[in-house]
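In case you want the letters, here they are:
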Amino acid sequence: MRSRKPGRLTPVKAKLAAEIRQQLLEHGGSAHRDVIIGRILQRKGVSGPAADRARRALLSAFELHADPPPDSEAPRLFDLPFGPDSHRWALGQRPPVITF
């Protein structure tokens, strides 16, 4: 999935991940990435060259939180339910709750 060197967790990426998570929740837990990105950009009123930068930042935040490097503090929040080449984004699978 990763096209560049692994990213690191920053406050900006954490905030973008929260925005992605909120949009995924509003779409029932999964949606095409273009829908999620488009909604976030629309809500912020971003267009033109700024939209391209914002789109890249959102993609980077998703990548970091979908497949965090082992030494990263980033939590695994997201999933690509149809595989690494999929553009379908989803909320990550929560670990099962074990009760005794």
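Everything below is about the structure shown above.
An account of the accompanying structure is given in this report. Quick caveat: nothing in here was measured; it's all calculated off a predicted structure. (Residues numbered from 1 in each chain as written. Predicted model: local features only at pLDDT ≥ 70, side-chain atom pairs only at ≥ 80, totals over all residues. Heavy atoms only, no water.)

## Quick look at the pattern of salt bridges
Move 1: A full pass over the atoms with the stated rule returns five salt bridges.
Move 2: A salt bridge links Lys15 to Glu19; the shortest N-O distance between them is 3.3 Å. Of this pair, Lys15 and Glu19 are both found in helix H1 (residues 11-26), four residues apart, which corresponds to roughly one turn of the helix.
Move 3: Overall, Lys15 belongs to the exposed group, its relative accessible area being 54%.
Move 4: On the basis of relative accessibility, which here comes to 11%, the residue Glu19 falls in the buried class.
Move 5: Residues joined in a network through salt bridges with shared partners are Lys15, Glu19, Arg43 and Lys44. (Salt bridge = Lys/Arg side-chain N within 4 Å of Asp/Glu carboxyl O. Helix = DSSP H or I, 4+ residues; strand = E, 2+ residues; numbered from the N terminus. Buried < 20%, exposed > 50% of the residue type's maximum accessible area, 1.4 Å probe, protein only.)

## Focus on the sheet that holds strand S1 (residues 30-32)
Move 1: Within the open sheet, the three strands sit side by side as S1-S3-S2. Their pairing is antiparallel. In this open sheet, the two strands that pair with only one neighbour each are S1 and strand S2 (78-79).
Move 2: Pairing analysis gives three bridges linking S1 to strand S3 (residues 88-91), with the strands arranged antiparallel. When the sheet's bridge partners are listed, Ser30 is paired in S3 with Ala90.
Move 3: Across the sheet, H1 lies against S1, S2 and S3, angled at about 95° from S3, the strand it touches most. (Pairing = 2+ DSSP bridges. Contact = heavy atoms within 4.5 Å. Axes fitted to C-alpha atoms, helices over the stretch in contact; angles between N-to-C directions.)

## Observations concerning H1
Move 1: When the terminal C-alpha atoms of H1 are compared, their 23 Å separation across 16 residues agrees well with the 22 Å that a helix rising 1.5 Å per residue should span.
Move 2: Regarding H1, the residues found buried are Lys13, Leu16, Ala17, Glu19, Ile20, Gln23 and Leu24. Here the buried residues of H1 occupy an arc of 160° about the axis, which is enough to place them on one side. When the buried face of H1 is taken as reference, the exposed residues oriented beyond 90 degrees from it are Pro11, Lys15 and Glu26.
Move 3: Considering only its buried residues, H1 is in contact with S1, helix H2 (33-44), helix H3 (49-66), S2 and S3.
Move 4: One or two residues past the end of H1 sits Gly28, with phi positive at roughly 80°. (Expected span 1.5 Å × (residues − 1). Arc of directions from axis to C-beta.)

Shape is all these values report; function is a separate question.
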